[in-house]
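Next come the chains, spelled out residue by residue.
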Number of protein chains: 2
Amino acid sequence: MSFADTFKAMSDPVRREILMLLRSGRMSAGEIGSHFEMTGATISYHLNILKKAELVFESREKNFIYYDLNTSVVEELMLWLSELKGGNNHVEEV
Amino acid sequence: MSFADTFKAMSDPVRREILMLLRSGRMSAGEIGSHFEMTGATISYHLNILKKAELVFESREKNFIYYDLNTSVVEELMLWLSELKGGNNHVEEV
DNA sequence: GAGCTATTTAGAGTTTTTTCTAAATAGCCG
DNA sequence: CGGCTATTTAGAAAAAACTCTAAATAGCTC
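Heads up: these notes are all about the structure in this document. (Residues numbered from 1 in each chain as written. Chains lettered and ligands numbered in written order. Predicted model: local features only at pLDDT ≥ 70, side-chain atom pairs only at ≥ 80, totals over all residues. Heavy atoms only, no water.)

**Some remarks on the pairing of strand E3 (residues 64-69) of chain B**
All names here are of chain B. The pairing of strand E1 (residues 27-28) with E3 spans two bridges and is classified as antiparallel. Looking across to E3, one finds that Ser28 is bridged to Tyr66. Hairpin connection of strand E2 (residues 56-61) to E3: two residues between the antiparallel strands, including Lys62 at a positive phi of 50°. (Pairing = 2+ DSSP bridges. Helix = DSSP H or I, 4+ residues; strand = E, 2+ residues; numbered from the N terminus.)

**Some words on the packing of aromatic side chains**
Residue and element names in this part refer to chain A. Applying the stated criterion across every chain, the model contains eight aromatic pairs over all chains. Here the aromatic rings of Phe3 and Trp80 are separated by 6.0 Å at their centres, their planes lie at 45°, and the arrangement is tilted. Of this pair, Phe3 sits in helix H1 (residues 3-10) while Trp80 sits in helix H5 (residues 71-86), and the two are 77 residues apart along the sequence. Note on Trp80: relative accessible area 14%, which makes it buried. (Phe/Tyr/Trp six-rings, centres within 6.5 Å; stacked < 30°, edge-to-face > 60°. Buried < 20%, exposed > 50% of the residue type's maximum accessible area, 1.4 Å probe, protein only.)

**Concerning the sheet that holds strand E3 (residues 64-69) of chain A**
Strands belonging to one sheet form pairs held by backbone hydrogen bonds; the direction of such a pair is parallel or antiparallel. Residue and element names in this part refer to chain A. Here we have three strands laid out as an open sheet, ordered E1-E3-E2, and antiparallel in their pairing. Because the sheet does not close on itself, it has two edges, and the strands there are strand E1 (27-28) and strand E2 (56-61). Across the sheet, helix H2 (residues 13-22) touches E1, E2 and E3, and the angle it forms with E3 is around 90°. Set on the sheet, helix H4 (residues 40-52) makes contact with E2 and E3; between it and E2 the angle comes to about 115°. (Contact = heavy atoms within 4.5 Å. Axes fitted to C-alpha atoms, helices over the stretch in contact; angles between N-to-C directions.)

**Examining the pattern of salt bridges**
All names here are of chain A. Taken as a whole, this structure holds eight salt bridges over all chains when the rule is applied. A salt bridge links Glu58 to Lys51; the nearest nitrogen and oxygen atoms lie 2.9 Å apart. Judged by its relative accessible area of 29%, Lys51 falls in the partly exposed class. Residue Glu58 is joined to Arg60 by a salt bridge in which the shortest nitrogen-to-oxygen separation is 3.3 Å. Salt bridges sharing common partners tie together Arg26, Glu61 and Asp68. (Salt bridge = Lys/Arg side-chain N within 4 Å of Asp/Glu carboxyl O.)

**What to know about the side chain of Thr6(A)**
Topologically, Thr6(A) is positioned in helix H1. When neighbours within four sequence positions are excluded, Thr6(A) is seen to be in contact with Ala53(A), Leu55(A), Val73(A) and Leu77(A).

**Re the relation of the copies chain B and chain A**
When chain B is fitted to chain A, the best match, at an RMSD of 0.0 Å, comes from turning it 180° and sliding it 0.0 Å along the axis. On this basis, the relationship between the two copies can be described by a two-fold rotation axis. Comparing interface residues between copies, 100% of those in chain B also sit at the interface in chain A, which points to an isologous, same-surface contact. (Least-squares fit on C-alpha atoms with pLDDT ≥ 70 in both.)

**Overview of the protein's contact with DNA strand C**
With respect to spatial proximity, 21 residues lie near DNA strand C, and among them Gly30(A), Ser44(A), Tyr67(A), Thr42(B) and His46(B) are the closest. In DNA strand C, the atoms that sit within 4 Å of the protein are 71% sugar and phosphate, with bases accounting for the remainder. One of the backbone nitrogen or oxygen atoms of Gly30(A) is found 2.6 Å away from a phosphate oxygen of DNA strand C. Interatomic distance of 3.1 Å between a side-chain N/O atom of Tyr45(B) and a phosphate oxygen of DNA strand C. Listed by contribution, the elements that provide at least two residues to the surface near DNA strand C are helix H3 (29-33), H4 and E3 of chain A together with helix H4 (40-52) of chain B. Element by element, the count of residues in the surface near DNA strand C is highest for H4(B), at four residues. When its residues are assigned to classes, the surface near DNA strand C shows eight nonpolar, nine polar and four charged. (Near = heavy atom within 4 Å. Polar contact = N/O pair within 3.5 Å; in protein donor to acceptor, adjacent residues only side chain to side chain. Nonpolar A, V, L, I, M, F, W, Y, C, P; charged D, E, K, R; others polar.)

Next up, the structure:
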């Protein structure tokens, strides 16, 4: 999905925490859920948003679904921020 | 304001475009508004969110209010993303 | 296949966000 | 001062996001 969806996905604290959890490796939906005081349905909702933003990808194994962090999209985000920060084109200095 | 507010502020496409506009230097609220098909009131609303997130700061001059990008907060955001991406602590590799 | 476990989907309720119009504030300039 | 310009604030309406409960799907394992 689009760049806008990536930012949107990152804007929720629960989703950011999920991403942080995944830093240390793949985790099943249930495992992720156990870190929050929310129903599995809500966690599933958040995972879906992260998945659509391509910030995570899933892999099915037995009857578990594992989620993995997709660092390449994080890098794209950083690139955008870097442009924002460093973008000193257009400056009218002499 | 908090870190969460910074992400929230970045999550709206209008606000991201405002930040991008400010890359090339300070701009008055009116000038910013002229780049969008929205009322001044709405632009003011967005500017206020950016200001609370410390992504921009204002300086008053005559009866204009100029807005400037605050790159240091952008850097903080990048730092967070960098931690997310690079955080390979906790890995159980052998 | 029956029952179990893991997870998602559907639908509804609540809260938050975005936008507008109208009115208020603030400072300039003649 | 009086009017003008620039911008914000207030309040309301509409849209989007988040969360829950209940039900559905899917793939084990016995």
